[in-house]
Amino acid sequence: MNIASAHLMNASLRRIAHLDMDAFYASVELLRYPELQGLPVVIGGRGEHQPVVRADGRRHFFRLREYTGRGVITTATYEARALGVHSAMGVMKAAQLAPDAILLPVDFAIYRHYSRLFKAAVSSITPQIEDSGIDEIYLDLSDLPDELLPLAKRIKKAVKDATGLSCSIGITPNKLLSKICSDLEKPDGLIILEISDIPKRIWPLPVHKINGIGPKAAKKLASLGITTIAELAQAELSLLRFHFGRSYSIWLYEASRGIDQRPVINDAKPKSISRETTFERDLHPRQDRSDLSEAFTALCIQVADDLKCKGYVGRTVSIKLRFEDFLTLTRDCSLTIYTCDPVLIRRAAGECLRRVSLKKRIRLLGIKITTLCSVNAAYGNESRQRELPLVP
């Protein structure tokens, strides 16, 4: 029996959902500031960008054009996304695209509150939940007797009743397909897909819709005449192996066919939190130093934000570099105590970077933090510490 046949047999028994909250941070802010409904709103400002209540009782909101600094966008409303603004974009660049967009500071405390609310609402229907982030979860619905459509609507209603927010759900035989489907009809989407639907619903999509195919891989596939998932599914494994190596080519081969055996893992605690970016072109360590530095800092900020969102702090900071010849190096160093401070993470990552000989162009850059601990546990032990020096 080949891989595809075995997959079809197992897939018929599984009902896996991916639930993704719609523009989560921005949607939470719109609950707080309903007068911003329908406007382009960007989350990513600092504390000084908190709305100010004027003498007439109305609020004054800051605009993107008033921002100066090197911050990055955390998220944006769909109206702002229509103007080209997206998460991880530099705020100054976003200001060029949408100068009149409303700018709000991030408020992780309230986002965590709403995250707990929607997850608790879903857990009242099924306990088979894998926490995949502050605004998304996977659900294993295989053992529930309910028909999928009314069950999905019940889950969406429970989330709406608990939070006032909408979510999008994809339900398929596995996690890979469900994550694709939850993104196809946002906001407030619902897609239920069987393996037999893959040729019609999945194969026409561009390859980047598969989570795990980044801009660089998509560009390389395009150079081979592969732009859709259907074309990827039709590609010979030997061709993929020649251009992408053994493990990634096998993954591409299986992903294009909707094959994914990963289970939904209950109560999964993260072992690491990481962010990485593959550049549109390979960057030179000296000639493109400013671009590399900006990307390096942005990744550290994003990792720090992810830690705060998930309620964790960490002690070991790692960097990942992939060069133009695909050679990949990692370096790490440890802090004396736990942190989620982007400045300290950036400093530690810089220490790691100094231990790498930078002579070749860089195609990928990544930041990871491990040795994680919950914020409550860490603060209980180390709340009086004021400095977080590097371990010699």
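Since this is a predicted model, take the numbers as computed values, not measurements.

Attention now goes to the overall build of the protein. Across its full length, the protein carries 15 helices and 15 strands. Relative to the globule expectation of 21 Å for 392 residues, the C-alpha radius of gyration of the protein, 22 Å, shows essentially globular dimensions. Taking the intrachain contacts of the protein between residues at least 6 apart in sequence as the baseline, contacts between residues at least 24 apart amount to 69%. Taken as two groups, the 56 positive and 44 negative side-chain charges of the protein have centres that lie 5 Å from each other.

Turning next to the packing of aromatic side chains. Applying the stated criterion across every chain, the model contains eight aromatic pairs. Here the aromatic cluster, defined as three or more aromatic residues joined through ring pairs, consists of Phe-24, Tyr-25, Phe-108, Tyr-111 and Phe-118. Its guanidinium or amino end placed over the ring of Tyr-78, Arg-81 lies 4.7 Å from that ring's centre, counting from NZ or CZ. The ring of Tyr-138 carries the charged tip of Lys-175 above its face, separated from the ring centre by 4.9 Å.

With that out of the way, let us pick up helix H5 (residues 108-123). The terminal C-alpha atoms of H5 lie 22 Å apart, and with 16 residues this matches the ideal 22 Å at 1.5 Å per residue to within 8%. Phe-108, Ile-110, Tyr-111, Tyr-114, Ser-115, Phe-118, Lys-119, Ala-121 and Val-122 are the residues of H5 that are buried. The buried residues of H5 all sit within an arc of 165° when viewed along its axis, so they share a single face.

In this section: the confidence of the model for the protein. For the protein, mean pLDDT is 88; residues scoring 70 or higher make up 93% of the total. Considering only residues more than four positions removed or in separate chains, one finds that residues 381-392, a stretch of pLDDT under 50, has 22 contacts.

What follows is about the packing of helix H13 (residues 289-310) against helix H14 (residues 342-353). Across the interface, H13 lies against H14 with an axial gap of 9 Å and an inter-helix angle of 130°. In terms of orientation, H13 lies oblique with respect to H14. In terms of crossing hand, the pair formed by H13 and H14 is right-handed. Two secondary-structure elements touch here, H13 through Ser-293, Phe-296, Thr-297, Cys-300, Ile-301, Val-303, Ala-304, Leu-307 and Lys-308 and H14 through Pro-342, Ile-345, Arg-346, Ala-349, Gly-350 and Leu-353. Residue composition of the contact of H13 with H14, by class: 10 nonpolar, three polar and two charged.

Strand order in the open sheet made by the four strands is E5-E7-E2-E6, with mixed pairing throughout. Each having just a single partner strand, strand E5 (62-63) and strand E6 (75-76) make up the two edges of the open sheet. As defined by bridge partners, E5 adjoins strand E7 (residues 102-105) across two bridges and the pair is classed as antiparallel. Paired with Phe-62 across the strands is Leu-103, a residue of E7. The strands touched by helix H2 (residues 24-32) are strand E2 (41-45), E6 and E7; relative to E2, the strand with the most contacts, the crossing angle is about 105°.

Here the focus is the environment of Arg-32. Position of Arg-32 relative to the elements: it lies in helix H2. Not counting the four nearest positions on each side in its chain, Arg-32 is found in contact with Arg-59, Asp-107 and Ile-110. Of note is the side chain of Arg-32, whose polar atom sits 2.9 Å from the side chain of Glu-29.

Locating Lys-160 in the fold gives a position in helix H6 (residues 148-163). Among the residues examined, Lys-160 registers a relative accessible area of 43% and is labelled partly exposed. What Lys-160 contacts, discounting residues up to four positions off in sequence, is Leu-165 and Ser-166.

Examined against the element boundaries, Ala-304 turns out to sit in helix H13. The class for Ala-304 is buried, based on a relative accessible area of 0%. Considering only alpha carbons, one finds Ala-304 and Gly-38, 266 residues apart in sequence, at a separation of 30 Å. Residues contacting Ala-304, with those up to four places away along its chain left out, are Cys-340, Asp-341, Pro-342 and Ile-345.

A few words now on the sheet that holds strand E14 (residues 328-339). What the four strands build is an open sheet, ordered E12-E15-E13-E14; its pairing is antiparallel. With partners counted over all chains shown, the strands left at the sheet margins are strand E12 (272-283) and E14, one partner each. Sheet twist, expressed as the mean angle between neighbouring strand axes with direction ignored, is 15°. Looking at chain direction, E12 and strand E15 (residues 362-374) are connected through eight bridges and run antiparallel. Looking at the pairing, Ser-274 lines up with Lys-368 of E15. Contacts from helix H9 (residues 215-223) reach E12 and E15 within the one sheet, and its direction differs from that of E12 by about 45°.

About the criteria used
- Residues numbered from 1 in each chain as written.
- Predicted model: local features only at pLDDT ≥ 70, side-chain atom pairs only at ≥ 80, totals over all residues.
- Heavy atoms only, no water.
- Helix = DSSP H or I, 4+ residues; strand = E, 2+ residues; numbered from the N terminus.
- Rg over C-alpha atoms; globule rule 2.2 N^0.38 Å.
- Contact = heavy atoms within 4.5 Å.
- Lys, Arg positive; Asp, Glu negative; His and termini not counted.
- Charge placed at Lys NZ, Arg CZ, Asp CG, Glu CD.
- Phe/Tyr/Trp six-rings, centres within 6.5 Å; stacked < 30°, edge-to-face > 60°.
- Lys NZ or Arg CZ within 6 Å of the ring centre and 35° of its normal.
- Expected span 1.5 Å × (residues − 1).
- Buried < 20%, exposed > 50% of the residue type's maximum accessible area, 1.4 Å probe, protein only.
- Arc of directions from axis to C-beta.
- pLDDT = per-residue confidence, 0-100.
- Axes fitted to C-alpha atoms, helices over the stretch in contact; angles between N-to-C directions.
- Parallel < 35°, antiparallel > 145°, perpendicular 65-115°, else oblique.
- Left-handed = near helix turned anticlockwise from the far one by under 90°.
- Nonpolar A, V, L, I, M, F, W, Y, C, P; charged D, E, K, R; others polar.
- Pairing = 2+ DSSP bridges.
- Polar contact = N/O pair within 3.5 Å; in protein donor to acceptor, adjacent residues only side chain to side chain.

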